[in-house]
Amino acid sequence: MMKGRADATQKKRLITSLGVVVVFVIFLFLYYGPFFNGEQHGQSAHEFTRAILPFGLGGDENVEMRADDSISVFSLDEGDDALVTKSFPVCDDRHSELIPCLDRNLIYQMRLKLDLSLMEHYERHCPQPERRFNCLVPPPPDYKIPIKWPKSRDEVWKANIPHTHLAHEKSDQNWMVVKGDKIEFPGGGTHFHYGADKYIALLANMLNFTDNNLNNEGKLRTVFDVGCGVASFGGYLLSSDIIAMSLAPNDVHQNQIQFALERGIPAYLGVLGTQRLPYPSRSFELAHCSRCRIDWLQRDGILLLELDRLLRPGGYFAYSSPEAYAQDEEDLRIWREMSTLVERMCWKIAAKKNQTVIWVKPLTNDCYMEREPGTQPPLCRSDDDPDAVWGVPMEACITPYSQQMQRARGSGLVPWPARLTSPPPRLADLDITHEMFGKDMDTWQRRVDSYWNLLTSKIRPDTIRNIMDMKANLGSFAAGLRDKPVWVMNVVPEDGPNTLKIIYDRGLIGSIHDWCEAYSTYPRTYDLLHAWTVFSDIEKKGCSAEDLLLEMDRILRPNGYIIVRDRRVVVDFIKKQLTALHWESVTVVEAEPGMESDEADTVFIIQKKMWLPGENHKDSL
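Residues numbered from 1 in each chain as written. Predicted model: local features only at pLDDT ≥ 70, side-chain atom pairs only at ≥ 80, totals over all residues. Heavy atoms only, no water.

Participant: Teacher, can you tell me more about the packing of aromatic side chains here?
Facilitator: The description of an aromatic ring pair rests on the distance of the ring centres and on the angle between the ring planes. Scanning all chains against the criterion turns up 23 aromatic pairs. Between the aromatic rings of Tyr279 and Tyr504, the centroid separation amounts to 6.3 Å while the plane-to-plane angle is 65°, which identifies the pairing as edge-to-face. Separated by 225 residues along the polypeptide, Tyr279 in the loop between β6 (267-269) and β7 (284-290) and Tyr504 in helix α15 (residues 500-505) bring together distant segments of the chain. Overall, the relative accessible area of 0% leaves Tyr279 in the buried class. For Tyr504, a relative accessible area of 0% translates into the label buried. Aromatic pair Trp515 and Tyr519: ring centres 5.8 Å apart, planes at 20°, arrangement stacked. Taking relative accessible area as the criterion, Tyr519 reaches 1% and is therefore assigned buried. Above the ring of Phe185, the side-chain terminus of Arg263 is found at 4.1 Å from the ring centroid. (Phe/Tyr/Trp six-rings, centres within 6.5 Å; stacked < 30°, edge-to-face > 60°. Helix = DSSP H or I, 4+ residues; strand = E, 2+ residues; numbered from the N terminus. Buried < 20%, exposed > 50% of the residue type's maximum accessible area, 1.4 Å probe, protein only. Lys NZ or Arg CZ within 6 Å of the ring centre and 35° of its normal.)

Shown next as structure tokens:
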């Protein structure tokens with residue numbers, strides 16, 4: 001009997017011990033889950049202290065805690081050591097080109113059920129807070145400061161983007177050529193072997209534009225280049241005062257957009273899949289597809305109808321593809337079906353020559369109203385907002401013009417460059433008066449002049465090329481830079497007033513975004529970030545300021561600059577993270593001297609220092 005009791009006791013102890021071990025293993029899995037899934041967050045040699053704060057991780061619990069406005073990471077005591085991050089780990093070298101919301105490893109690990117035929121695997125799928133890397137993305141081992149614009153249009157350092165497969169794969173099309181330690185871009189493309197400049201002149205000639213200039217005396221300013229390759233088309237448009245949004249996915253031809261941005265050409269990672277692109281309706285005067293390998297007939301023409309949503313009244317679609325000229329049976333079938341589809345959409349052929357056809361959209365709704373009842377595709381529902389794009393599925397329908405556009409028989413926009421400073425008609429959609437528009441422009445011109453004065457002593461000529469305004473409002477920050485050799489990606493928050501259509505009407509470009517998530521771009525692709533109250537905004541949403549800092553570091557080039565314009569407590573918080581991020585303070589000034597309020601803006605200018613994995617980062621500061 002005694003032996004039986006002892007055995008029973010031992011069994012209970014063993015079961016209890018096993019239970020403790022299981023609980024401990026589960027805890028480790030939950031806390032370090034990404035490690036067990038093959039994600040290495042960083043090099044263990046780097047000490048990392050994460051502050052456990054109400055604002056810290058961006059989960060639902062944080063949203064609830066933020067309901068009490070007295071709890072804020074920014075307003076804690078100055079001496080609170082919990083705010084001080086000693087250092088962030090450095091991501092594994094394999095992640096030097098990490099794009100968190102376009103990470104195919106994440107898709108695999110999360111076992112997402114995606115329809116590959118609809119390109120869903122190239123759309124945004126962001127990691128939950130607990131699956132984020134939370135580490136500094138390192139540059140490649142031999143990274144160099146990028147070649148400056150305009151020279152960068154034609155050549156980049158191979159070490160910065162060590163991918164040469166496109167040069168071999170497209171060797172017969174003059175996309176790019178490897179020469180020594182550089183990659184050169186002759187300006188060729190799949191359908192313009194002899195150079196983008198000659199191809200652009202051909203398009204203008206087909207449309208009978210003056211002097212074969214595609215800008216058509218300033219009437220054609222914004223272009224959407226879908227399936228852009230390395231964006232030579234967009235790069236060569238810039239000399240004609242035309243700005244293109246060049247779009248390509250992170251697909252089998254990887255690094256196309258990375259090459260474009262390294263060259264200093266506006267570009268964005270995206271795909272025509274199932275979701276609307278992050279641009280408002282009526283944004284572009286011309287859409288372009290040169291052998292972009294898109295099935296325009298799929299799903300009742302839904303992808304072509306997404307282009308229709310983006311084109312202005314009287315806008316053009318230039319299509320260079322075998323279907324436009326080849327005579328084999330399959331190409332002829334596609335051409336007949338595509339011609340029938342665009343005819344039902346009320347598009348007409350403006351010109352057709354050699355390998356290219358250019359269609360033009362109607363100026364008014366008249367053609368739509370004259371179609372036979374039941375004609376497909378239908379007009380969109382009256383309650384459909386064509387400017388709602390963030391997470392909104394595409395629809396196979398035609399967006400009719402507003403009453404204002406119908407009366408104006410077009411967009412009512414003046415030619416470029418007057419368009420930049422002229423109040424556009426769609427201001428009325430947002431209840432913004434011409435006076436408010438003018439005041440906003442004057443305010444931001446003063447602010448931009450002040451920023452540039454503060455930066456003058458630090459930057460050399462042509463140091464800054466790619467700029468992002470993280471909260472662009474009406475685009476007046478970008479307008480204030482019109483005399484500088486720069487371009488600006490104007491980002492409008494997805495939960496605020498939809499002012500992006502005003503930005504496009506001014507002849508600028510941009511995208512909708514939620515700064516609680518990572519942006520759709522490669523690391524090291526911007527020279528300057530402007531963050532006006534962005535940190536205060538995400539605080540209200542319960543998202544992580546720490547995550548935002550890491551994201552800004554990811555997309556900023558080494559030696560690049562950040563301008564934070566926010567409350568003093570925000571600036572003080574960021575100051576505590578400088579050493580961990582390997583950033584350096586340039587200057588801190590009162591935005592509006594003489595204002596004593598705690599809510600008054602402070603301007604904080606920061607520079608990201610150049611560092612490489614394995615270096616003593618503290619010494620490099």
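Let us keep going from here.
Participant: Just checking my understanding: could you explain the sheet that holds strand β10 (residues 356-360) for this structure?
Facilitator: Hydrogen bonds between backbone atoms are what pair the strands of a sheet, whose relative direction is either parallel or antiparallel. Here we have seven strands laid out as an open sheet, ordered β6-β5-β4-β7-β8-β10-β9, and mixed in their pairing. With one partner strand each, in any of the chains shown, β6 and β9 (348-353) form the two edges of the open sheet. For this sheet, the mean inter-axis angle between neighbouring strands, taken without regard to orientation, is 20°. Examined bridge by bridge, β7 and strand β8 (residues 311-320) share six bridges and lie parallel to one another. Residue His288 lies in a different strand from β8, and its bridge partner there is Ala318. The strands touched by helix α8 (residues 256-263) within the sheet are β5 (243-248) and β6, with β6 carrying the most contacts at an inclination of about 155°. (Pairing = 2+ DSSP bridges. Axes fitted to C-alpha atoms, helices over the stretch in contact; angles between N-to-C directions. Contact = heavy atoms within 4.5 Å.)

Participant: Before we go on, may I ask you to explain the state of the cysteines in this structure?
Facilitator: Taken as a whole, this structure holds six disulfides when the rule is applied. With its sulfur 2.1 Å from that of its partner, Cys91 forms a disulfide with Cys135. Judged by the sign of its S-S torsion, about 95°, the bond between Cys91 and Cys135 is right-handed. Of this pair, Cys91 sits in the loop between α3 (60-65) and α4 (104-110) while Cys135 sits in the loop between α4 and β1 (155-157), placing them 44 residues apart in sequence. (Disulfide = S-S within 2.5 Å.)

Participant: Please explain the confidence of the model for the protein chain as it appears in this structure.
Facilitator: Low-pLDDT portions of the prediction should not be read for the details of their coordinates. For the protein chain, the average pLDDT comes to 85, and 82% of its residues sit at 70 or higher. pLDDT under 50 marks residues 1-12. Its contacts with residues more than four places away, or in other chains, come to zero contacts. Contacts from residues 25-70, a stretch scored under 50 in pLDDT, to residues over four places away or in other chains number 92 contacts. (pLDDT = per-residue confidence, 0-100.)

Participant: Is there a simple way to think about the side chain of Lys501 in this case?
Facilitator: Structurally, Lys501 is set in helix α15. Dropping the residues within four chain positions of it, Lys501 is found in contact with Pro280, Asp387, Arg426 and Asp429.

Participant: Sorry, what's going on with the pairing of strand β15 (residues 556-567) here?
Facilitator: In the case of a regular strand, side chains alternate between the two sheet surfaces. Burial of β15 is extensive: 11 of the 12 residues sit out of reach of the surface. Here strand β14 (residues 526-532) pairs with β15 via six bridges, running parallel. Each residue of the ladder has a partner; that of Tyr526, found in β15, is Leu556. Taken together, the seven bridges between β15 and strand β17 (residues 601-608) define a ladder with antiparallel strand orientation. Bridging from a neighbouring strand, Asp566 pairs with Thr602 of β17.

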